[in-house]
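Chains, contacts and geometry: an overview
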Amino acid sequence: MSERLHPIALTVNGVVREAEVPARRLLSDCLRHDLGLTGTHVGCEHGVCGCCTVLLDGAPVRSCLTLAVTADGHEITTVEGLAGPDGALSPVQRAFAECHALQCGFCTPGFLCTVTALLRDNPAPSDDEVVEGISGNLCRCTGYQNIVKAVHRAAELTAETGEEPVTGGRA
């Protein structure tokens, strides 16, 4: 017996994408396997590590805990959508590169999405607010000092340039 498929339409990184998915398909699996957007990483598959964080209508969510069918009709921003249409890195991406906050890079997509939402909501966070803001994302390389520096640098870049945290303006 084959599983019933449900048609869904998502606006992913500004582009309407359609798929047919089983009711229990996770958003992370839909993004990676059905839509070919492999920038979203899956770490713990229990919503603990934050590697799979994407923006759902601008809010960070764990895509490994979100059913794809519940995202039907909504806007999703993945790490692939943070840069501008010309490929220019967003201020958050530039700051992570400048501050060597990438480490092995596995957790980076989740951090970038989380920090993008954090800076949109709080353009000049304190140290404590940064630590609280990224507390749901784990870096197994333990490179938190550089990640915190990168968040402050991204805030500076955003203030200096007047750019939005997402260059493409999709969050």
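Residues numbered from 1 in each chain as written. Predicted model: local features only at pLDDT ≥ 70, side-chain atom pairs only at ≥ 80, totals over all residues. Heavy atoms only, no water.

1. Observations regarding the packing of aromatic side chains
Scanning the model with the defined rule gives 1 aromatic pair in all. Aromatic side chains phenylalanine 111 and tyrosine 144 sit 6.5 Å apart centroid to centroid with 65° between the ring planes, which places their arrangement in the edge-to-face category. Taken as a pair, phenylalanine 111 in helix α3 (residues 108-121) and tyrosine 144 in helix α5 (residues 144-161) lie far apart in primary sequence, 33 residues in all. The class for tyrosine 144 is partly exposed, based on a relative accessible area of 29%. (Phe/Tyr/Trp six-rings, centres within 6.5 Å; stacked < 30°, edge-to-face > 60°. Helix = DSSP H or I, 4+ residues; strand = E, 2+ residues; numbered from the N terminus. Buried < 20%, exposed > 50% of the residue type's maximum accessible area, 1.4 Å probe, protein only.)

2. Side note on the domain arrangement of the chain
Under the domain assignment, the chain is made up of domain 1 (5-81) and domain 2 (91-161). Here the C-alpha centroids of domain 1 and domain 2 sit 22 Å apart. Opposite the 18 residues of domain 1 that make contact, domain 2 presents 16 residues. Between domain 1 and domain 2, roughly 1,200 Å² of surface is buried when both sides are summed, and carbon and sulfur atoms account for 61% of that area. When the area that domain 1 buries against domain 2 is broken down by residue, the three leading residues are His41, Cys51 and Val79, summing to 36%. Our enumeration of links across domain 1 and domain 2 arrives at 0 salt bridges. For the side of domain 1 that touches domain 2, the secondary-structure elements that each account for two or more residues are β3 (53-56) and β4 (59-62). Of all the elements, β3 adds the most residues to the side of domain 1 that touches domain 2, at 3 residues. Its residues assigned to classes, the side of domain 1 that touches domain 2 comprises 9 nonpolar, 8 polar and 1 charged. (Domains from an automatic or database assignment. Contact = heavy atoms within 4.5 Å. Buried area = accessible area lost by both parts, 1.4 Å probe. Salt bridge = Lys/Arg side-chain N within 4 Å of Asp/Glu carboxyl O. Nonpolar A, V, L, I, M, F, W, Y, C, P; charged D, E, K, R; others polar.)

3. A closer look at the sheet that holds strand β5 (residues 75-77)
Pairing is mixed across the open sheet formed by 5 strands, whose spatial order is β2-β1-β5-β3-β4. The open sheet has two edge strands with one neighbour each: β2 (15-22) and β4. With direction set aside, neighbouring strand axes in the sheet form an average angle of 40°. Where β3 lies against β4, 4 bridges are found, and the strand directions are antiparallel. Among the inter-strand pairings, leucine 56 is bridged to a residue of β4, identified as alanine 59. With respect to the sheet, α3 is in contact with β3, β4 and β5, its orientation differing from that of β3 by roughly 35°. (Pairing = 2+ DSSP bridges. Axes fitted to C-alpha atoms, helices over the stretch in contact; angles between N-to-C directions.)

4. Let's talk about unusual backbone geometry
The phi dihedral of aspartate 57 falls on the positive side, at around 50°, and the residue is not glycine. Within the element layout of this structure, aspartate 57 appears in the loop between β3 and β4. Assessed through its relative accessible area of 46%, aspartate 57 is described here as partly exposed. A positive phi angle is found at threonine 142, which is not glycine, with a value near 60°. Considering the arrangement of structural elements, one finds threonine 142 in the loop between α4 (127-133) and α5.

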